[in-house]
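Each chain, letter by letter, is given below.
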Amino acid sequence: MVEKIRKLVNLIKKENGRIALVTHMSPDGDAVGSLTGFYLFLKKVGKDVDAVLKDDVPYFLDFVPGIKEIKKGFDGKYDLIFLLDASGFERTGFELPPAPLITRIDHHISGKAYSEYDLIIPEAPSVGSLILKIIREYDEKLLDQDIKIALYTALLTDTASFRHANSFRWAFEDAHYLVSNGLDVTHIASMVFERKHLKTYKLLERALSTLTLDGNIGYIVIRKSFFEEVGANPEEIQGFVSYPLSIIDADVGVRFSEHPENFWRISLRGKGKVNLALVAEELGGGGHFNAAGCRLMGREHEVVQKVLDTIRKYMKKSP
Ligand code: 5GP
Ligand code: MN
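Note that this is a predicted model, so its numbers are computed, not measured.

**Things to note about the pairing of strand β1 (residues 18-23)**
Looking along a regular strand, one sees side chains alternate from face to face of the sheet. Burial within β1 is extensive, with 5 of its 6 residues counted as buried. Examined bridge by bridge, β1 and strand β2 (residues 48-52) share 5 bridges and lie parallel to one another. Bridging across to β2, isoleucine 19 finds its partner in valine 49. Each parallel crossover has a hand, and the one from β1 via helix α2 (residues 29-44) to β2 is right-handed. With 5 bridges joining them, β1 and strand β3 (residues 80-84) adopt parallel strand pairing. By the bridge assignment, alanine 20 is partnered in β3 with isoleucine 81.

**Thoughts on the packing of helix α3 (residues 127-139) against helix α5 (residues 168-180)**
For the pair α3 and α5, interaxial distance at closest approach is 11 Å and the crossing angle is 55°. With respect to α5, the element α3 is oriented oblique. In the crossing of α3 with α5, the sense of the turn from one axis to the other is left-handed. Each of Ser129, Leu130, Leu132, Lys133 and Arg136 in α3 lies in contact with α5, whose residues at this interface are Trp170, Asp174, Tyr177 and Leu178. The residue makeup of the contact of α3 with α5, split by class, is 5 nonpolar, 1 polar and 3 charged.

**Quick notes on the coordination of the manganese ion (ligand 2)**
Every protein donor of the manganese ion (ligand 2) is listed here as Asp30 (OD), Asp85 (OD), His107 (NE2) and Asp158 (OD), and their distances to the metal cover 2.2 to 2.4 Å. Sequence positions of the residues that donate to the manganese ion (ligand 2) give the spacing D-x54-D-x21-H-x50-D. Taken as a pair, histidine 107 in the loop between β4 (101-106) and β5 (119-120) and aspartate 158 in helix α4 (residues 145-158) lie far apart in primary sequence, 51 residues in all.

**Some remarks on the sheet that holds strand β6 (residues 212-214)**
Strands sit in the order β6-β7-β8-β9-β11-β10 across an open sheet of 6 strands; the sheet is mixed. The two strands at the open ends of the sheet, each matched to only one other strand, are β6 and β10 (286-287). In the sheet, strand β9 (residues 264-270) pairs with strand β11 (residues 291-296) via 6 bridges, with the strands oriented antiparallel. Looking across to β11, one finds that serine 267 is bridged to glycine 293.

**Topic: the side chain of threonine 310**
Here threonine 310 shows up in helix α11 (residues 300-317). Those residues in contact with threonine 310 that lie beyond four places of it in its chain are Val279, Glu282 and Leu283.

**Comments concerning α3**
In this model, α3 (13 residues) spans 18 Å end to end at C-alpha, consistent with the 18 Å of a helix rising 1.5 Å per residue. All buried positions along α3 are accounted for by Val127, Gly128, Ser129, Leu130, Ile131, Leu132, Ile134, Ile135 and Tyr138. At the N-terminal boundary of α3, the capping side chain belongs to serine 126, with an oxygen 3.4 Å from the backbone nitrogen of glycine 128.

**Side note on empty space enclosed by the protein**
Taken as a whole, this structure holds 2 cavities of 30 Å³ or more when the rule is applied. When its volume is computed, the largest cavity comes out at roughly 40 Å³. Taken together, Tyr59, Phe60, Val192, Arg195, Lys196, Glu235, Glu236 and Gln238 make up the full set of residues lining the largest cavity. Looking at the lining of the largest cavity residue by residue, the class counts come to 3 nonpolar, 1 polar and 4 charged. If you go around the second largest cavity, the residues you meet are Pro234, Ile237, Ser257, His259 and Arg265.

**Remarks on the site of ligand 1**
Every one of the 15 residues lining ligand 1 counts as a neighbour, but Arg91, His108, Ser267, Arg269 and Gly286 are closest to it. For ligand 1, a nitrogen atom lies 3.2 Å from a polar atom in the side chain of serine 87. Within the side chain of serine 267, an N or O atom sits 2.5 Å from an oxygen atom of ligand 1. Starting from 490 Å² of accessible surface for ligand 1 in isolation, the protein chains cover 83%. Only β9, β10 and β11 provide two or more residues apiece to the shell around ligand 1. Looking at which element gives the most residues to the shell around ligand 1, the answer is β11, with 5 residues. A breakdown of the residues in the shell around ligand 1 according to their chemical character gives 3 nonpolar, 8 polar and 4 charged.

**Concerning the nonpolar core**
Residues Leu21, Phe38, Phe82, Leu84, Ile105, Ile131 and Ile134 are the most contacted members of the largest nonpolar core, which totals 59 residues. Residues contacting leucine 21, with those up to four places away along its chain left out, are Leu35, Phe38, Tyr39, Leu42, Val49, Asp50, Ala51, Val52, Phe82 and Leu84. Ranked by size, the runner-up nonpolar core spans 24 residues in total, among them Val221, Ile266, Ala280 and Cys294.

**Side note on the environment of asparagine 16**
When you line up the elements, asparagine 16 lands in the loop between α1 (2-14) and β1. The exposed category is assigned to asparagine 16, whose relative accessible area is 70%. Sequence separation between asparagine 16 and aspartate 48 is 32 residues, and the spatial gap between their C-alpha atoms is 7.5 Å.

Rules used in this analysis
- Residues numbered from 1 in each chain as written.
- Chains lettered and ligands numbered in written order.
- Predicted model: local features only at pLDDT ≥ 70, side-chain atom pairs only at ≥ 80, totals over all residues.
- Heavy atoms only, no water.
- Buried < 20%, exposed > 50% of the residue type's maximum accessible area, 1.4 Å probe, protein only.
- Helix = DSSP H or I, 4+ residues; strand = E, 2+ residues; numbered from the N terminus.
- Pairing = 2+ DSSP bridges.
- Right-handed = clockwise from strand over helix to strand, strands pointing away.
- Axes fitted to C-alpha atoms, helices over the stretch in contact; angles between N-to-C directions.
- Parallel < 35°, antiparallel > 145°, perpendicular 65-115°, else oblique.
- Left-handed = near helix turned anticlockwise from the far one by under 90°.
- Contact = heavy atoms within 4.5 Å.
- Nonpolar A, V, L, I, M, F, W, Y, C, P; charged D, E, K, R; others polar.
- Donors = N, O, S within 2.8 Å, 3.2 Å for Na, K, Ca; no water.
- Expected span 1.5 Å × (residues − 1).
- Polar contact = N/O pair within 3.5 Å; in protein donor to acceptor, adjacent residues only side chain to side chain.
- 1 Å grid on protein atoms, 1.4 Å probe; cavity = no way out; pocket = protein on both sides within 12 Å on 5 of 7 lines; lining within 4 Å.
- Points joined across faces, edges and corners; volume = space filled by probe spheres on them.
- Near = heavy atom within 4 Å.
- Areas by Shrake-Rupley, 256 points an atom, 1.4 Å probe, with all protein chains shown as cover.
- Core = buried A, V, L, I, M, F, W, Y, C linked by side-chain atoms within 4.5 Å.

Rendered as structure tokens:
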């Protein structure tokens, strides 16, 4: 990995053209934190760089430095595009703009290869952790408070507050490094997790009325009508999947959320018993062993059945 990071650092040092950074739709803390952390760093070293994102940054990430500079779209041609925290460019919701070189920086197990510079490390606790490695290899003195806040937010959220990681050692080492020189982690945690709206709980109340344990799969359904009734946005369902997952007999937790544009966003979370990345891939999505997702069209009962059947298929295959 060290060699790959050096190669990437050399690429960045040599690049004097236009750079764009882009991440996935419905951005989470890792998407936003790695995007702005990398962006602030590249700007600091004098690069001509744009950070691009299709959807709005969710309100609970509104404190992350650099988000005001994110652009809603690409602007012409670029010399180098970095795809962050996404298994493929289609996850960005954009058409690929003209660029001779695209490089993917990610920690998803599967996905597409884009260039010899790709940095795809499934053990990385977050993409923010990969950006941290890049910056430390480049010159760690460049790591300022704003960049640290962005990267710590990526790490905190993608490990679900240090509860899940493919490498806990790496996650805690990053946390140790970032707090060593002073970082108000209590404030960051509070900004992310302690700013819920009352309507979010009204939405949760409705969602919990659907909570079901089917064998060893727990699931929760958030219908379009629930959002309408309480006036909540899709971004308010952050963390809802932990309810079905946390049922004692659930090996897998699923959150079905109906999108205003009539498709279902499905979040899958596991406890190490079944590879959910494979389940999600079979359903056209992707992710990690214990956290994956996909989007499906269809009626509620059909979509629920399809997802449960696919999880069961992989449960049987698991040892
Ligand atoms: P979440 O459930 O938080 O939306 O996503 C969990 C994980 O699954 C993330 O790593 C995310 O990138 C991945 N994921 C979620 N939805 C999709 C999807 O529609 N396609 C792909 N390829 N990955 C997804
Ligand atoms: Mn991530």
